[in-house]
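Report on the structure
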Amino acid sequence: MRIVILNNSDDVAAYGAQLIIRQIQNKPDSVLGLATGSSPMKLYDKLVEAVAAGDVSLAQCVSFNLDEYVGLAPDHDQSYRSFMQKHLFERVDIRIENTHVPDGLASDPEHMCAQYEQAIRDHQGVDLQLLGIGANGHIGFNEPSSSLRSRTRIKTLTMQTVKDNARFFSADEFQPELAITMGIETIMESRQVLLLATGENKAAAVKAMVEGPVSASCPASVLQFHPKATIVLDNAAAEQLENTQFYLRVEQEAQKLESK
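Residues numbered from 1 in each chain as written. Predicted model: local features only at pLDDT ≥ 70, side-chain atom pairs only at ≥ 80, totals over all residues. Heavy atoms only, no water.

The subject of this paragraph is the packing of helix H2 (residues 38–52) against helix H3 (residues 80–87). Interhelical geometry of H2 versus H3 gives an angle of 35° and a closest axis separation of 10 Å. Residues Met41, Tyr44 and Val48 of H2 form the contact with H3, whose own contacting residues are Phe83, Met84 and His87. Here the residues of the contact of H2 with H3 are counted per class, giving 5 nonpolar, 1 polar and no charged. (Axes fitted to C-alpha atoms, helices over the stretch in contact; angles between N-to-C directions. Helix = DSSP H or I, 4+ residues; strand = E, 2+ residues; numbered from the N terminus. Contact = heavy atoms within 4.5 Å. Nonpolar A, V, L, I, M, F, W, Y, C, P; charged D, E, K, R; others polar.)

Under the counting rule described, the total for this entry stands at 15 salt bridges. For Arg191, the salt bridge goes to Asp127, with nearest N and O atoms at 2.9 Å. With Arg191 in the loop between helix H6 (184–188) and strand S9 (193–197) and Asp127 in the loop between helix H4 (109–122) and strand S6 (128–131), this pair connects stretches of sequence that are 64 residues apart. Residue Asp127 is classed as buried on the basis of its relative accessible area of 5%. Bridged by salt links that share partners, the residues Glu117, Arg121, Arg149, Arg151, Glu185 and Glu189 form one connected network. (Salt bridge = Lys/Arg side-chain N within 4 Å of Asp/Glu carboxyl O. Buried < 20%, exposed > 50% of the residue type's maximum accessible area, 1.4 Å probe, protein only.)

Let's shift gears to unusual backbone geometry. With the exception of glycine, most residues fall at negative phi, and the peptide bonds are largely trans. Despite not being glycine, Gln124 shows a phi value in the positive range, around 65°. Here Gln124 lies in the loop between H4 and S6. Unusually for a residue other than glycine, Ser145 sits at a positive phi of about 90°. For Ser145, the location among the structural elements is in the loop between S6 and strand S7 (153–156). Judged by relative accessible area, Ser145 falls into the exposed class, the value being 60%.

So, about the environment of Gly104. Checked against the element boundaries, Gly104 lands in the loop between strand S5 (99–100) and H4. Once the C-alpha coordinates of Gly104 and Phe246 are considered, the two residues, 142 residues apart in sequence, prove to be 43 Å apart. Beyond its immediate sequence surroundings of up to four residues, Gly104 is in contact with Glu68, Tyr69, Val70, Gly71, Leu72 and Ile180.

A few words now on helix H7 (residues 203–211). The complete set of buried residues in H7 reads Ala203, Ala205, Val206, Met209 and Val210. Seen end-on, H7 carries its buried residues on one side only, within an arc spanning 155°. Buried residues along H7 sit against strand S1 (2–6), S9, strand S10 (229–234) and helix H8 (244–259). (Arc of directions from axis to C-beta.)

Leu43, Tyr44, Leu88, Leu194, Leu195, Met209 and Leu233 are the most contacted members of the largest nonpolar core, which has 68 residues in total. Considering each element in turn, this core owes the most residues, 8 residues, to helix H1 (residues 9–26). Setting aside residues no more than four positions away along its own chain, Met209 makes contact with Met1, Ile133, Leu195, Cys218, Ala220, Ser221, Leu223, Gln224 and Ile231. Tyr69, Leu72, Phe169 and Ala179 belong to the second largest nonpolar core, which has 8 residues in total. (Core = buried A, V, L, I, M, F, W, Y, C linked by side-chain atoms within 4.5 Å.)

Time to look at the sheet that holds strand S8 (residues 178–181). Strand order in the open sheet made by the 3 strands is S4-S8-S7, with antiparallel pairing throughout. If you trace the sheet from one side to the other, it starts and ends with strand S4 (67–69) and S7, each paired once. Averaged over all neighbouring strand pairs, the angle between strand axes comes to 30°, with direction disregarded. Where S4 meets S8, 3 bridges bridge the pair, whose relative direction is antiparallel. When the sheet's bridge partners are listed, Asp67 is paired in S8 with Thr181. (Pairing = 2+ DSSP bridges.)

One pass over the structure, following the stated rule, counts 6 aromatic pairs. Look at Tyr69 and Phe141: their rings are 5.8 Å apart centre to centre, the planes differ by 40°, and that puts the pair in the tilted class. You can see Tyr69 sitting in strand S4 and its partner Phe141 sitting in the loop between S6 and S7, a full 72 residues away along the chain. Judged on exposure class, the residue Tyr69 and its partner Phe141 are both buried. Put simply, the rings of Tyr69, Tyr80, Phe141 and Phe169 pair up and form one aromatic cluster. (Phe/Tyr/Trp six-rings, centres within 6.5 Å; stacked < 30°, edge-to-face > 60°.)

Here's what the structure looks like:
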């Protein structure tokens, strides 16, 4: 893991956006794994700015989103397809037919999950996978106890995740308790992983991911095994780490090597 600790969420978003921009500049037809949430939202704003400035183009890119709620139509305000349309797809030059989000209304969800896996394989896998982390250590909707060898499938959300996401739904509105998610092994097959975490509510999960044992109790901890995982944190999310000074020193040395 490369641990990058920055001052605030704006810095985290800017750093992450630059990694994605460099990926696309080096490979214009990159396959991007995308995520939803507050941290990715700020990153997407940076990407939109870069496209508008002519610094990068997503015209040849293909995207696969991590997850989607079961039972929500693509045009529902709280669906992840709707989130992506609003915060990225409709604001940049990516071709909508090249954007993939699991179908929350699929009549045969298991078949749809298998098709999603096949579509990723047909595109030779994900070049860079963007992730967030849940307060319980989940990545995608791979909740604690998820198999570390799992593939795209239907998952029951924990009550903590349902509670955390309740703020997005009105009191009288249907809130899904099932989701379709890329599996942990699917994520691990990405050639590069970029995980963003901000805020003190993520600090315990970040500590378990980075410094705890690899365990299904903290699904994100499997990233310790990934050959190219970059974890970008603000100070609040990093506050429970024990080896902060070492991570800062390692990053300083890494930047010196990259500047040569």
